[in-house]
Amino acid sequence: MLGLLYCGMGNMRTLTVDRSTATAHRLVEYDGVCSFIHGHNMNWEVKLEVSMEDVGSDNMPLDFKEVSSLIDEYDHAVVLNTEDPLVEKCDVLPDDDDVMVAVGEVFTDETLGDTILYDSDPTCELLAQDVADKLTELEHVIRADVTVYETDKYGMSAKSFDSEIDLYTDEE
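Because the structure is a prediction, the values reported are computed rather than measured.

Peer 1: Tell me about the overall build of the chain, residues and numbers included.
Peer 2: Counting secondary structure elements, the chain contains three helices and nine strands. Helices and strands in the chain line up, N terminus first, as β-β-β-α-β-α-β-β-α-β-β-β. Counting over 172 residues, the chain shows a buried share of 41%. Pairs at least 24 apart in sequence give 67% of the contacts found in the chain among residues at least 6 apart.

Peer 1: Go over the packing of aromatic side chains with me, naming the residues and quoting the values.
Peer 2: Enumeration over the complete set of coordinates arrives at one aromatic pair. Residues Trp44 and Tyr74 carry aromatic rings whose centres are separated by 5.2 Å and whose planes lie at 40° to one another, so their mutual orientation is tilted. Of the two residues, Trp44 sits in strand 3 (residues 38–51) while Tyr74 sits in the loop between helix 1 (64–72) and strand 4 (77–81), which places them 30 residues apart along the sequence. Both residues of the pair, Trp44 and Tyr74, belong to the buried class.

Peer 1: Quick rundown of the sheet that holds strand 5 (residues 106–109)? Include the residues and the values.
Peer 2: Pairing is mixed across the open sheet formed by seven strands, whose spatial order is 5-6-4-2-3-7-8. The open sheet is flanked by strand 5 and strand 8 (155–161), the only strands paired with a single partner. Neighbour-to-neighbour, the strand axes of the sheet open up by a mean angle of 35°, direction not taken into account. With four bridges joining them, strand 5 and strand 6 (residues 113–118) adopt antiparallel strand pairing. For Asp109, the partnering residue across the bridge sits in strand 6 and is Gly113. Across the sheet, helix 1 is in contact with strand 2 (12–25) and strand 3; its angle to strand 2 comes to roughly 25°. The strands that helix 3 (residues 124–135) touches are strand 3, strand 4, strand 6, strand 7 (141–149) and strand 8; relative to strand 8, the one it contacts most, it runs at about 25°.

Peer 1: Which residues make up a negative patch on the surface, and what values go with them?
Peer 2: A contiguous patch of negative charge on the surface is contributed by Glu53, Asp54, Asp58, Asp63, Glu66 and Glu139. When you line up the elements, Asp58 lands in the loop between strand 3 and helix 1.

Peer 1: So what's going on with the environment of Ile71? Residues and values would help.
Peer 2: Residue position: Ile71 is located in helix 1. With relative accessibility at 0%, the residue Ile71 sits in the buried group. As for Ile71 and Ala128, which are separated by 57 residues in sequence, their C-alpha atoms are 9.9 Å apart. With near-sequence residues (within four places) excluded, Ile71 lies in contact with Arg19, Thr21, Trp44 and Val46.

Peer 1: I'd like a description of the pairing of strand 6, backed by residues and values.
Peer 2: The two faces of a sheet get side chains in turn, since along a regular strand they alternate between them. Note that strand 4 and strand 6 share four bridges and pair parallel. Within the sheet, the bridge partner assigned to Asn81 lies in strand 6 and is Tyr118. Between the end of strand 5 and the start of strand 6, which pair antiparallel, lie three residues.

Peer 1: Hey, could you go over unusual backbone geometry for me, with residue numbers and the actual values?
Peer 2: The backbone of Asp54 sits at a positive phi, close to 60°, despite the residue not being glycine. If you trace the backbone, Asp54 turns up in the loop between strand 3 and helix 1. Among the residues examined, Asp54 registers a relative accessible area of 70% and is labelled exposed. Of note in this structure, His76 is not a glycine but carries a positive phi near 60°. Relative to the helices and strands, His76 resides in the loop between helix 1 and strand 4. The class of His76 is exposed, set by a relative accessible area of 61%.

Peer 1: Got a sec to walk through the nonpolar core? Specific residues and values, please.
Peer 2: Counting residues in hydrophobic clusters, the biggest one holds 27 residues, and the most contacted among them are Trp44, Val46, Leu48, Val67, Tyr74, Leu135 and Val146. Elements represented by at least two residues in this core include exactly strand 2, strand 3, helix 1, strand 4, strand 6, helix 3 and strand 7. No other element matches the six residues that helix 3 contributes to this core. Not counting residues within four places of it along the chain, the set of residues in contact with Leu48 comprises Arg13, Thr14, Leu15, Leu62, Val67, Leu135, Val141, Arg143 and Ala144. Ala24, Leu80, Val87 and Leu112 belong to the second-largest nonpolar core, a separate cluster that totals nine residues.

How each quantity is defined
- Residues numbered from 1 in each chain as written.
- Predicted model: local features only at pLDDT ≥ 70, side-chain atom pairs only at ≥ 80, totals over all residues.
- Heavy atoms only, no water.
- Helix = DSSP H or I, 4+ residues; strand = E, 2+ residues; numbered from the N terminus.
- Buried < 20%, exposed > 50% of the residue type's maximum accessible area, 1.4 Å probe, protein only.
- Contact = heavy atoms within 4.5 Å.
- Phe/Tyr/Trp six-rings, centres within 6.5 Å; stacked < 30°, edge-to-face > 60°.
- Pairing = 2+ DSSP bridges.
- Axes fitted to C-alpha atoms, helices over the stretch in contact; angles between N-to-C directions.
- Patch = residues over 30% accessible without salt bridge, like charges linked within 9 Å, V, L, I, M, F, W, Y side chains within 5 Å.
- Areas by Shrake-Rupley, 256 points an atom, 1.4 Å probe, with all protein chains shown as cover.
- Salt bridge = Lys/Arg side-chain N within 4 Å of Asp/Glu carboxyl O.
- Lys, Arg positive; Asp, Glu negative; His and termini not counted.
- Charge placed at Lys NZ, Arg CZ, Asp CG, Glu CD.
- Core = buried A, V, L, I, M, F, W, Y, C linked by side-chain atoms within 4.5 Å.

Below you can see the structure in the form of structure tokens.
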């Protein structure tokens, strides 16, 4: 039997957050209707395994608001591929070469409003993985499971583990 164990992590909890966002995107690499800018009322389901080790007297390893605020960045945002012609057409990127726009981070454009750029098409697969990876950077988070539903029928899940936690398998 193969099992995945967290070394020294006996005191764990599961934190759950469900959120909804109205998010616009377009898939320039896709051949079909999704290659046009469109929006979704996305439903996000987040489950975090958190360590209670070294938690303060408030007994909260993580505030729900920290998780919610990360997801809320996608609410009423436009998410685009950096190679999307719309990025250049709307003059989304700053003219100043000294100003850097971080991939996967929200910034405000005067034409598009809140905008998030990625180095590839912003599929729900990519969004779920990016958010899961960001969540495992938060203190006490051991594992993040993020599911993003574009519609009532279709969604994608991604998992991420804290890279500083020792994981090992035990074969019996």
